[in-house]
Amino acid sequence: MTFVAFRSRGAGALAAVLGALPACLVSALPALAHGFAGDRFFPATLLTDDPFVADEMSLPTVTRNPSGPDGSQQTDIGVDLAKRITPDLGITLSDHWTYLQPKGAPAVTGFGAFGAELDYQLFIDGPHEAMGLVGLHSTFAHTGRVQALGAPDFTTLSPVLDLGKGFGDLPNSVDWLRPFAITSNFSFDFPTKTESAGVPNPNVFNYGFAFEYSLEYLQHHVQDVGLSAPFDRMIPLVEASFSTPVNRGLSGTTVGTVQPGVIWAGQHIQLGAEAILPATHDTGRGFGGIVQLHLYLDDLFPNSVGRPLFQY
Amino acid sequence: MRVFAVAFVLLGLACFDGRASAHAFLNRAVPPVGGSVSTPPKELRLFFSEGIELRFSGVTLATADGKAVATAAAQLDPGDNHQLVLPLPALAPGNYKVTWHVVSVDTHRTEGDFTFTVRP
């Protein structure tokens, strides 16, 4: 059985299980809230991973990348589906469709590599507005257009560590700093093939950060400064993400982006928009952009797909 | 198709879920968050974005040095389950800290705290 067939069957089985949730699994007790640590709400960021398990979906995420070093232009339309299995264990499925315009050649379209990640919520510390998560991410071989789009012909396994910290526990003498928060993620790629068609596949160290200033936190936890909708739900932020190969002749060729933008977090959905700026010479030229519609499934559908599969 | 198909199947199934609700965010408060008042307030009123389940919710008040202020139990506004009302005793001038936790009607819990000042 090829992996492609397995994944199709797996996706269908997942949908069938979620659609057949028995009523006995629905608890009358208060449910834990997504992305909350004490007073702090951490939004789902666009570039970097989130330090919490959740029932959420990004559909779509549209990314127009900066021009590549070879002059190519790429646009991606992606979907991410995060589902809690238990209150502390979650799985995320991700996929994207690509439009690639090489310089001086016809455009190419198709799917990129399919990804999945299993995550465990290590801790949530409410009084200190901190949370942490560990996980294992995988992108799968031959799940995208290998020849045309350069999707991998090898699987990559990546252990992940995501952390988040809000600064609401700073003293009141520095009240204006308390709306700040930072999230970070670290992962290490282990490709299952050392080379593909003569091109080396190195181990890669990935790291990223999101620096957030929550106007929601300012307005509702620090000081009522008169912000009204939609500004009282906005979170300006700057994200940065980098990847550095560590072996196989590619050490030191870091690629990465810096992405300033804003997230608006509503009651049931979230909207985000960021500019994409290349952070290194090897990343590309010019600038791009990303926009995202993010759905809070636990708020939209609290009695079905918005709850963990198994509650304890 | 792939994850897109799974996503659309889930959304289709979830259409039978019933009325959507959400986490309760604090929209505003009287006295205001971080604000100051010249007259000691008779009540603390918290306005939330969603209806509140009173039996899982509560509000407490403390002085600046952490000493709890004895109050009656918080109640929902009789005409609006988005408002949580805490009757207050006579407050001396000073800084006060409000600590709240609520469960919205969709069973999600949120919490928060803020300060206000009663001016001399």
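Residues numbered from 1 in each chain as written. Chains lettered and ligands numbered in written order. Predicted model: local features only at pLDDT ≥ 70, side-chain atom pairs only at ≥ 80, totals over all residues.

**Student:** What am I meant to see in the overall build of chain B here?
**Tutor:** Regarding its fold elements, chain B presents 1 helix and 9 strands. For chain B, the N- to C-terminal ordering of α and β elements is α-β-β-β-β-β-β-β-β-β. Relative to its full complement of 120 residues, chain B shows a buried share of 32%. When contacts within chain B are restricted to residue pairs at least 6 apart in sequence, those whose partners lie at least 24 apart make up 63%. (Helix = DSSP H or I, 4+ residues; strand = E, 2+ residues; numbered from the N terminus. Buried ≥ 20, exposed ≤ 12 C-beta atoms within 10 Å, placed from the backbone. Contact = placed C-beta atoms within 7 Å.)

**Student:** Mind showing me how you'd approach the overall build of chain A here?
**Tutor:** If you tally the helices and strands in chain A, you get 4 helices and 17 strands. Split into buried and exposed, the 312 residues of chain A put 40% on the buried side.

**Student:** Is there a simple way to explain the sheet that holds strand β9 (residues 109–118) of chain B in this structure?
**Tutor:** Through backbone hydrogen bonds, the strands of a sheet pair up, either in parallel or in antiparallel fashion. Residues and elements named next belong to chain B. The strand order β2-β9-β8-β4-β5 describes an open sheet built from 5 strands, whose pairing is mixed. Taken across any chain shown, the strands that pair with only one partner, and hence form the sheet edges, are β2 (36–37) and β5 (68–69). Looking at chain direction, strand β8 (residues 94–103) and β9 are connected through 10 bridges and run antiparallel. Within β9, the residue paired with valine 103 across the bridge is arginine 109. (Pairing = 2+ DSSP bridges.)

**Student:** Would you mind going over unusual backbone geometry with me for this structure?
**Tutor:** Between leucine 59 of chain A and the following residue, proline 60 of chain A, the backbone shows a cis peptide bond with an omega angle of 5 degrees. Note on placement: proline 60 of chain A falls in strand β3 (residues 56–64). Residues valine 30 of chain B and proline 31 of chain B are joined by a peptide bond in cis, for which omega reads -5 degrees. The backbone phi angle of alanine 197 of chain A is positive, close to 55 degrees, even though this residue is not glycine. With respect to the helices and strands, the residue alanine 197 of chain A is situated in the loop between β11 (195–196) and β12 (199–200). On the basis of neighbour count, alanine 197 of chain A is assigned to the exposed category, with 7 C-beta atoms found within 10 Å. At arginine 248 of chain A, a residue that is not glycine, the phi angle is positive and equals roughly 60 degrees.

**Student:** Help me understand the nonpolar core in this model?
**Tutor:** Nonpolar side chains tend toward joint burial in soluble globular proteins. Of all hydrophobic cores here, the largest spans 30 residues; its most connected members are Phe52, Met57, Leu81 and Leu297 of chain A together with Val3 and Ala7 of chain B. Apart from the residues lying within four places of it in its own chain, the contact partners of leucine 81 of chain A are Met57, Thr92 and Leu93 of chain A together with Val3, Val6 and Ala7 of chain B. Counting 23 residues, the second largest nonpolar core, distinct from the first, contains Ala24, Phe48, Tyr96 and Trp100 of chain B. (Core = buried A, V, L, I, M, F, W, Y, C linked by C-beta atoms within 7 Å.)

**Student:** Got a minute to help me understand the sheet that holds strand β7 (residues 80–87) of chain B in this structure?
**Tutor:** Residues and elements named next belong to chain B. Spatial ordering of the open sheet is given by β1-β3-β7-β6, a layout of 4 strands whose pairing is antiparallel. With one partner strand each, in any of the chains shown, β1 (26–30) and β6 (75–77) form the two edges of the open sheet. Taking the axes of each pair of neighbouring strands and ignoring which way they run, one obtains an average angle of 30 degrees across the sheet. (Axes fitted to C-alpha atoms, helices over the stretch in contact; angles between N-to-C directions.)

**Student:** Got a minute to help me understand the pairing of strand β6 (residues 108–111) of chain A in this structure?
**Tutor:** Residues and elements named next belong to chain A. Bridging between strand β5 (residues 89–101) and β6 involves 4 bridges; their strand directions are antiparallel. What sits directly across from threonine 98, in β6, is glycine 110. Counted between consecutive antiparallel strands, the loop separating β5 from β6 contains 6 residues, among which glycine 104 sits at a positive phi close to 75 degrees.

**Student:** What should I look at first to understand the environment of phenylalanine 205 of chain A in this one?
**Tutor:** Residue and element names in this part refer to chain A. Summarising the element assignment, phenylalanine 205 is placed in strand β13 (residues 204–213). For phenylalanine 205 and phenylalanine 242, which are 37 residues apart along the polypeptide, the C-alpha to C-alpha distance reads 8.3 Å. With residues up to four places along the chain from it excluded, the contact list for phenylalanine 205 reads Phe188, Thr244 and Val246.

**Student:** Any chance you could explain the environment of glutamate 212 of chain A here in plain terms?
**Tutor:** Residues and elements named next belong to chain A. One can find glutamate 212 in strand β13. Glutamate 212 sits in the buried class, given 24 other C-beta atoms within 10 Å. When the C-alpha positions of glutamate 212 and leucine 47 are compared, they lie 13 Å apart, and in sequence the two are 165 residues distant. The residues contacting glutamate 212, other than those within four sequence positions of it, are Phe180, Ala181, Ile235 and Leu237.

**Student:** It is not clear to me how the confidence of the model for chain A should be interpreted in this structure. Could you clarify?
**Tutor:** Low-pLDDT portions of the prediction should not be read for the details of their coordinates. Confidence in the prediction of chain A, expressed as mean pLDDT, is 88, and 89% of residues score 70 or more. Every residue in residues 1–29 of chain A scores below 50 in pLDDT, and together they form 23 contacts with partners more than four places removed in sequence or on other chains. (pLDDT = per-residue confidence, 0-100.)

**Student:** Before we go on, may I ask you to explain helix α3 (residues 215–222) of chain A in this structure?
**Tutor:** For the α-helix, the turn length of 3.6 residues means that residues three or four positions removed from each other point alike. Along α3 of chain A, 7 of the 8 residues are buried, which leaves the element largely enclosed by surrounding structure. Those residues of α3 of chain A lying buried are Glu216, Tyr217, Leu218, Gln219, His220, His221 and Val222 of chain A. Residues of α3 of chain A that are buried make contact with β2 (40–41), β14 (234–245) and β15 (255–265) of chain A together with β1 and β9 of chain B.

**Student:** What exactly am I supposed to notice about the confidence of the model for chain B here?
**Tutor:** With 89% of its residues at a pLDDT of at least 70, chain B reaches an overall mean of 89. Reported for the predicted complex are a pTM of 0.87 and an ipTM of 0.87.

**Student:** What's the story with the environment of proline 87 of chain A in this structure? I'm lost.
**Tutor:** Residue and element names in this part refer to chain A. Secondary-structure assignment places proline 87 in the loop between β4 (73–86) and β5. On the neighbour-count criterion, proline 87 (16 C-beta atoms within 10 Å) is partly exposed. Separated by 199 residues in the primary sequence, proline 87 and glycine 286 have C-alpha atoms spaced 42 Å apart.

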